Amino acid sequence: MFKEKFQSIREGLTYDDVLLVPSRTAVEPKEIDVSSRVSRHIQVKIPLLSSPMDTVTEAQMAISMARAGAIGVIHRNLTVNQQAMMVRNVKREESIIIRNVHTVSPDTTIQEVRNIMGTKKIGGLPVLEGDKLVGIVTKRDLEFAGKQVKNVGDVMVRKVISARDNIKIDEAVEILYKNRIEKLPLVDSKGRVVGLITAKDIATRQKFPTASRDEEGQLLVGAAVGPFDIERAVTLEKEGANLIVVDTAHAHNQNVMNSIKKMRKEVSVDIMAGNIATAEAAQDLISLDVDALRVGIGPGSICTTRIIAGIGVPQITAISDTAEVASEHGVPVVADGGIRFSGDIVKAFGAGASSVMLGSLFAGTDESPGNEIIISGRKYKAYRGMGSIGAIQTGLSDRYGKVGSSKFVAEGVEGAVPYRGKVDEVIYQLIGGLRSGMGYVGAKNIEDLRKNSRFVRITGNGLRESHPHDIRITAEPPNYQLYNYS
Ligand code: XMP
């Protein structure tokens, strides 16, 4: 009985155990498309997610991730209100269509309009009579209004150019440009104002042409929730979260799965469930109708789960086992944890992942919460596991331990990672490496890389040969930095 356990024992592989084999290629770098799916209904140009950790993703990180074409997941070591406000901040950062339109009437006084424009920081207001659009008043109209002008009706532009609510963004741009106007009110079939498009917001959009956006033009954002926190999930969806990430250390747990089943009925945006590491877990969660699987038990740079609990599956094996099942159902696998170099990302896709989640590599950037720390003259930023003592004690998260109890068993460590500058730069290097890898295997797109790449297993000697050797390195490029943490 005990001997048998080891007679057919499997070997688990991780990133350093394998390399992708170069193949004949006809693919030029500019033809390579790295867009991929994060979940059933969310496709992004840059298939990276920033992890829901309190030293990685708050609003600022999520905004930069989405602008870069990726997506950030706001952590849950916060009150529901704090987390909801962060989601709101991301959604409001860029909105092509303003839905909560401030309006005035022809009788509104000029002074009142000036106050509204000043306090709300807006440059123009639609004018309504009842709920009919009858004019528009902008800062320019007020500029030369003399003392005799008392009300909006005296200065407003009466011939308003408006559009129907279902207008496409490109059509709106054309109308704004042709008519040299700054604001385009959107009206429904009864002439009621239901939205507003401004030239300023369109200009911001054009600055980030590959950003991840929803159909209203707002940036995409994910938000983490505890497995039993259905109320939080509902609130975050109402605030505009596009993806709910059920954030638990072991999603293949009957109570967790019962709760996900209930959550599925309450939440209509995509749900990502995790973490898991086996084909059975993938099958069970997919049967609950989730839209993505977050895969990785213990590979993370701050994780001690494998050491403390003796549990886990090396990450390449975990990805390929889960992806084998998930791909039959069209459910994307997100490879989470253990990525140290861009080459690991290429391997994760080759093993079957559709997107990759990172903690450590993003924690060192300007956009992560917290300030830089100087240690022995070098710059770092704080980074800690969500199961570390610090995260459990200060937070409200129950990912690894019991909230509120004074005794718990930590499954993560606290520390600092090298400062890496802007997250855009890190993404640029990571995606550059991904494109390079795709070129070597001849993959035009991520599906091609997932399905048609081949691996070779390497030994310790192969790994040693892979890193620079027999040289004293005097200049480290930004995409290859081996820090000595001792
Ligand atoms: P990287 O390697 O990118 O990993 O820093 C980030 C992922 O690690 C997971 N995570 C933890 N795992 N104990 C763990 O065992 C922890 O305290 C912990 N905190 C985070 C998580 O999946 C994250 O995305």
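The shown structure was predicted, so the numbers you read here are calculated from the model rather than taken from an experiment. (Residues numbered from 1 in each chain as written. Predicted model: local features only at pLDDT ≥ 70, side-chain atom pairs only at ≥ 80, totals over all residues. Heavy atoms only, no water.)

Caption draft 1: Structural context of the sheet that holds strand 16 (residues 333-336). Pairing within the closed barrel is parallel, and its eight strands lie in the order 4-5-12-13-14-15-16-17. If you compare each strand with its neighbour and ignore which way they point, the axes differ by 25° on average. Direction of pairing for strand 4 (residues 48-50) relative to strand 5 (residues 71-74): parallel, over a ladder of two bridges. Residue pairing across strands places Ser50 opposite Gly72, the latter belonging to strand 5. With respect to the sheet, helix 13 (residues 315-328) is in contact with strand 14 (270-276), strand 15 (292-295) and strand 16, its orientation differing from that of strand 16 by roughly 170°. (Pairing = 2+ DSSP bridges. Helix = DSSP H or I, 4+ residues; strand = E, 2+ residues; numbered from the N terminus. Axes fitted to C-alpha atoms, helices over the stretch in contact; angles between N-to-C directions. Contact = heavy atoms within 4.5 Å.)

Caption draft 2: Inspection of helix 9 (residues 230-239) at higher detail. For helix 9, the full list of buried residues reads Ile230, Arg232, Ala233, Leu236 and Glu237. The buried residues of helix 9 occupy an angular sector of 155° when projected down its axis, which confines them to one face. With respect to the buried face of helix 9, the exposed residues turned more than 90 degrees away are Glu231 and Lys238. Among the structural elements, helix 3 (80-93), strand 12 (222-225), strand 13 (243-247) and helix 10 (254-266) are those in contact with the buried residues of helix 9. (Buried < 20%, exposed > 50% of the residue type's maximum accessible area, 1.4 Å probe, protein only. Arc of directions from axis to C-beta.)

Caption draft 3: Up close: the site of the ligand. If you check the shell around the ligand, you find 25 residues, and the closest are Cys303, Thr305, Asp336, Tyr383 and Glu411. At 2.7 Å from an oxygen atom of the ligand is found a side-chain nitrogen or oxygen belonging to Ser301. Contacts to the ligand include Gly387, whose backbone N or O atom sits 2.6 Å from an oxygen atom. For the ligand, the protein covers 98% of the area, taking 520 Å² as the surface of the free molecule. (Near = heavy atom within 4 Å. Polar contact = N/O pair within 3.5 Å; in protein donor to acceptor, adjacent residues only side chain to side chain. Areas by Shrake-Rupley, 256 points an atom, 1.4 Å probe, with all protein chains shown as cover.)

Caption draft 4: Up close: the environment of Tyr15. With respect to the helices and strands, Tyr15 occurs in the loop between helix 1 (2-7) and strand 1 (18-20). Taking the relative accessible area as the measure of exposure, Tyr15 reaches 2% and is therefore buried. Counting along the chain gives 284 residues from Tyr15 to Pro299, while the straight-line C-alpha distance between them is 10.0 Å. Those residues in contact with Tyr15, other than ones at most four positions away along the chain, are Gln315, Ile316, Ile319, Ala335, Gly337, Gly338, Ile339, Arg340, Asp344, Lys347 and Ala348.

Caption draft 5: Quick look at the nonpolar core. One finds Leu48, Leu285, Leu293, Phe362 and Leu434 to be the most contacted residues of the largest nonpolar core, which totals 93 residues. Among the elements that take part in this core, helix 17 (residues 423-441) stands out by supplying eight residues, more than any other. Leaving out residues up to four positions away in the same chain, Leu48 has contacts with Met65, Ala70, Ile71, Ile345, Val356, Leu358, Phe362, Ile427, Leu430 and Ile431. Residues Ile71, Val73, Leu220 and Val334 belong to the second largest nonpolar core, which totals 14 residues. (Core = buried A, V, L, I, M, F, W, Y, C linked by side-chain atoms within 4.5 Å.)

Caption draft 6: Spatial organisation of the pattern of salt bridges. What the rule picks out here adds up to 25 salt bridges. One salt bridge connects Asp247 with Arg294, and the closest N-O pair in it is separated by 2.8 Å. Highlighted residues: Asp247 in strand 13 and Arg294 in strand 15, separated in sequence by 47 residues. Of the two residues, Asp247 and Arg294, both sit in the buried class. Between Asp336 and Arg294 there is a salt bridge whose closest N-O contact spans 2.9 Å. With a gap of 42 residues between them, Asp336 in strand 16 and Arg294 in strand 15 connect regions that are remote in the sequence. Arg294 matches Asp336 in its accessibility class, with the two residues each being buried. Through salt bridges with shared partners, a single network forms among Arg40, Arg264, Asp289 and Asp291. (Salt bridge = Lys/Arg side-chain N within 4 Å of Asp/Glu carboxyl O.)

Caption draft 7: Quick peek at unusual backbone geometry. Here Gly274 and Asn275 are connected by a cis peptide whose omega angle stands at 5°. Considering the arrangement of structural elements, one finds Asn275 in strand 14. Here Lys121, not a glycine, exhibits a phi torsion of approximately 55°, which is positive. With respect to the helices and strands, Lys121 occurs in the loop between helix 4 (110-120) and strand 7 (124-129). Overall, the relative accessible area of 71% leaves Lys121 in the exposed class.

Nothing here speaks to function; it is geometry throughout.
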